[in-house]
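Chains, contacts and geometry: an overview
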Amino acid sequence: MIDRLQQQLCAKQYRFDPVRRVDIPKPKVGELYQGQVRPTSVGVPQGSPISPLYSNIYLNLLDQLWHKRGYPEKLGASLHRYADDAILVCRKSAYPALEAFEAIARRM
């Protein structure tokens, strides 16, 4: 009896509707060009909750290639990432590390 009453109270307080859609507002962003904001058709808006996820999926390949090619040892440069930022820490000249980074990025 008590279990049934608790279920009824919970059902009234917390209605769960698995069919109900939740509309998440999408940020209205665009590209600023010559003082005018134009809507963009590609990319993920900066600040969007999905942006770090997409960034990590995309940049994971960069991490894998950087280490697979042995660039930390060959070039003396380690690659560090946080969300959508990348930092190259170079113990030697930065130019070969930047060239290698750009070569990977161009092919992606």
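These notes cover the structure that comes with them. In this text the structure is predicted, and so the values were computed from the model without any measurement. (Residues numbered from 1 in each chain as written. Predicted model: local features only at pLDDT ≥ 70, side-chain atom pairs only at ≥ 80, totals over all residues. Heavy atoms only, no water.)

For the rest of this paragraph, the subject is helix α2 (residues 51-68). In this model α2 runs 26 Å from its N-terminal to its C-terminal C-alpha over 18 residues, within 8% of the 26 Å that 1.5 Å per residue would give. Residue Leu59 marks the point of greatest curvature in α2, where the axis turns by about 30 degrees. Along α2, the positions that sit buried rather than exposed are Ser51, Ser55, Leu59, Leu62, Asp63 and Trp66. Buried residues in α2 make contact with α3 (71-74), β3 (77-82), β4 (85-90) and α4 (94-107). Gly70 sits one or two positions beyond α2 and adopts a positive phi of about 70 degrees. (Helix = DSSP H or I, 4+ residues; strand = E, 2+ residues; numbered from the N terminus. Expected span 1.5 Å × (residues − 1). Bend = angle between axes of the 7 residues up to and from the residue. Buried < 20%, exposed > 50% of the residue type's maximum accessible area, 1.4 Å probe, protein only. Contact = heavy atoms within 4.5 Å.)

With that out of the way, let us pick up the packing of α2 against α4. Taken N-terminus to C-terminus, the directions of α2 and α4 make an angle of 130 degrees; their axes are 10 Å apart at the nearest point. Compared by their axis directions, α2 and α4 come out oblique. Along this stretch, α2 crosses α4, giving a crossing that reads as right-handed. Each of Leu62, Leu65 and Trp66 in α2 lies in contact with α4, whose residues at this interface are Ala97, Ala100, Phe101 and Ile104. Considered class by class, the residues forming the contact of α2 with α4 number 7 nonpolar, no polar and no charged. (Axes fitted to C-alpha atoms, helices over the stretch in contact; angles between N-to-C directions. Parallel < 35°, antiparallel > 145°, perpendicular 65-115°, else oblique. Left-handed = near helix turned anticlockwise from the far one by under 90°. Nonpolar A, V, L, I, M, F, W, Y, C, P; charged D, E, K, R; others polar.)

What follows covers the packing of aromatic side chains. Tallied over the entire structure, the rule returns 2 aromatic pairs. Here Trp66 and Phe101 contribute two aromatic rings whose centre-to-centre distance is 6.5 Å and whose plane-to-plane angle is 65 degrees, an arrangement assigned as edge-to-face. Of this pair, Trp66 sits in helix α2 while Phe101 sits in helix α4, placing them 35 residues apart in sequence. Counting every residue linked through ring pairs, the aromatic cluster contains Trp66, Tyr71 and Phe101. (Phe/Tyr/Trp six-rings, centres within 6.5 Å; stacked < 30°, edge-to-face > 60°.)

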